[in-house]
Amino acid sequence: MRAGEITPRMLMGPGPSDVHPRVLAAMSQPTIGHLDPQFLAVINDIRDMLQQVFQTKNELTLAVSGTGSAGMETCVVNLIEPGDKMLVCINGVFGQRMRDVAERAGAEVTAVERPWGEVFTADEISSAIRDSGPFKVVGIVQAETSTGAAQPIAPISEAVHQSGALLLVDTVTSLAGMEVDVDGWQIDACYSGTQKCLSCPPGLAPVTFSPAAVKAIDARKAKVQSWYLDMTMVRAYWGSERLYHHTAPINMNYALHEALRIVLEEGLEARWQRHALHHRALKAGLEAIGIRYLADPDHQLPMLNAVSAPEGVDEAEARKRLLNDFGIEIGAGLGQFKGKAWRIGLMGESAAERHVTSVLKALETVLVEKGILEETGKAVAAAKEVYES
Ligand SMILES: *Cc1c(COP(=O)(O)O)cnc(C)c1O
């Protein structure tokens, strides 16, 4: 086959997730200018819809040009000036990445760590602040995609704000797949990505900044380290001035616009419940064939199921088999879990019964061939039971 001729897959890794045909159709609309009133109407709508999805009234809410990591970098470089103190909570790859980004921005970083698969308590954050604070910013990941652990944010928020710090939260994997309540949890800066539970191709990073975060940005003495991600300039394009800064990725914004419409048509609560249901079914199926989850049982993400690959299975070979023979993509382990884990995503359009059943059938087939299971059928039956109950 010629490169560029793409066979569809069932995307069940850590992102991208399956994209709705409506989103792909929206992307293929005519490219127009970034100051065309038709396009400005699109980004106005995107801001309104992002406010609904983030559950915030924050005026500084927009889609950064770039993937989720650009969202991370945007939040960090706008809040941090060289020498500012930042606490970063690390229990997986994305906490590590946040530390790296913060150090490059000149922050004086203190890291607080938990074993992979576990989450932080408010007490741990408070004592880190007492021991090494005060900090200007405390950064934490809500949905740690490398481990499948779900970090509760509300209890942390209190501890952070009592100390006078700003709370920065990574919601790349959580947004639109589980509760994210920016105003209710008093998050000061928050970023996401399009290709996880928003089910849009990768390319934009929704971000939102609270009034307190905007105040910190306005009070900066040093220019923002990144020219491209400087919110003091980008906001002049997204705001009423419409000042040119860089050309908005026009067709990507069409895609996000349509993806957000789909999210809001379904409703946030219904969408979170759908992710939770398919997680329960997948988990019942996997556990029925002896596959174990890596994250703390009380804090497991619905949309990212990180599991131990069974003894005696070459995890990479099994993933390859799933992709080539079943058309299903699942993710490999990252960092500490490299070579030992599978990460099965149920994000956005990929959180569906057809996906759960297909991946369970495929895994059972592979495990029977390897002599690890005697027969197929148990996993799918256990998942069915969840759907029928
Ligand atoms: C995927 C992911 C990112 C990075 O997003 P990219 O779109 O790959 O740049 C950051 N944080 C978390 C928690 C993620 O899952």
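This text goes with the structure placed above it.
Residues numbered from 1 in each chain as written. Predicted model: local features only at pLDDT ≥ 70, side-chain atom pairs only at ≥ 80, totals over all residues. Heavy atoms only, no water.

A. Geometry of unusual backbone geometry. Gly15 connects to Pro16 through a cis peptide bond whose omega is 0°. Following the sequence through the fold, Pro16 ends up in the loop between β1 (10–12) and α1 (21–27). Omega for the bond connecting Gly133 with Pro134 falls within 30 degrees of zero, at 0°, which places this linkage in the cis form. Tracing the sequence through the fold places Pro134 in the loop between α5 (122–132) and β5 (137–141). With a phi angle near 75°, Ala176 is a residue other than glycine that sits in the positive phi range. By secondary structure assignment, the location of Ala176 is in the loop between β8 (166–170) and β9 (189–191). At Arg242, a position not held by glycine, the phi torsion is positive, near 60°. Mapped onto the fold, Arg242 is located in the loop between α8 (231–238) and α9 (250–266). (Helix = DSSP H or I, 4+ residues; strand = E, 2+ residues; numbered from the N terminus.)

B. Region of interest: the packing of aromatic side chains. Per the stated rule, a full pass over the model turns up two aromatic pairs. For the ring pair Phe39 and Tyr254, a centre distance of 6.3 Å and an interplane angle of 65° mean the geometry is edge-to-face. With Phe39 in helix α2 (residues 37–54) and Tyr254 in helix α9, this residue pair connects regions lying 215 residues apart in the sequence. Using a relative accessible area of 7% as the deciding quantity, one classes Tyr254 as buried. Seen from their ring centres, Trp116 and Phe337 are 5.5 Å apart, and the 90° between their planes marks the pair as edge-to-face. Taken as a pair, Trp116 in the loop between β4 (108–113) and α5 and Phe337 in the loop between β12 (328–332) and β13 (341–345) lie far apart in primary sequence, 221 residues in all. You'll find Trp116 and Phe337 in the same group, each marked buried. Sitting over the face of the ring of Phe135, Lys85 holds its NZ or CZ atom 5.4 Å from the ring centroid. One cation-aromatic arrangement involves Lys283 over Tyr293; the distance from NZ or CZ to the ring centre is 5.3 Å. (Phe/Tyr/Trp six-rings, centres within 6.5 Å; stacked < 30°, edge-to-face > 60°. Buried < 20%, exposed > 50% of the residue type's maximum accessible area, 1.4 Å probe, protein only. Lys NZ or Arg CZ within 6 Å of the ring centre and 35° of its normal.)

C. View of the sheet that holds β13. Reading across from one edge, β1-β12-β13-β11 is the order of the four strands in this open sheet, with mixed pairing throughout. In this open sheet, the two edge strands, each paired with only one partner strand, are β1 and β11 (304–308). Neighbour-to-neighbour, the strand axes of this sheet turn through a mean angle of 30°, independent of strand direction. One ladder, built from two bridges, connects β12 with β13; its direction is antiparallel. Each residue of the ladder has a partner; that of Gly331, found in β13, is Arg343. Lying on the sheet, helix α11 (residues 315–326) is in contact with β12 and β13; it crosses β12 at an angle near 160°. (Pairing = 2+ DSSP bridges. Axes fitted to C-alpha atoms, helices over the stretch in contact; angles between N-to-C directions. Contact = heavy atoms within 4.5 Å.)

D. Inspection of the pairing of β5 at higher detail. Most of β5 sits inside the fold, with five of its five residues counted as buried. What you see with β5 is no split at all: Val137, Gly139 and Val141 on one side and Val138 and Ile140 on the other are buried throughout. Bridge count for strand β3 (residues 85–90) against β5 is three bridges, and the pairing is parallel. Within the sheet, the bridge partner assigned to Met86 lies in β5 and is Val137.

E. Molecular detail of the side chain of Glu364. Inspection of the secondary structure puts Glu364 in helix α12 (residues 353–369). Here Glu364 is buried and forms no salt bridge, its nearest opposite-charge partner Lys378 lying at an N-O distance of 8.1 Å. Only 3.0 Å separates the side chain of Glu364 from the backbone nitrogen of Lys378, close enough to count as a polar contact. Engagement of the side chain of Glu364 in a polar contact is seen with the backbone nitrogen of Ala379, the distance being 2.7 Å. Those residues in contact with Glu364 that lie beyond four places of it in its chain are Ile289, Leu373, Thr376, Gly377, Lys378, Ala379 and Val380. (Lys, Arg positive; Asp, Glu negative; His and termini not counted. Salt bridge = Lys/Arg side-chain N within 4 Å of Asp/Glu carboxyl O. Polar contact = N/O pair within 3.5 Å; in protein donor to acceptor, adjacent residues only side chain to side chain.)

Don't take any of this as a statement about function, it's just geometry.
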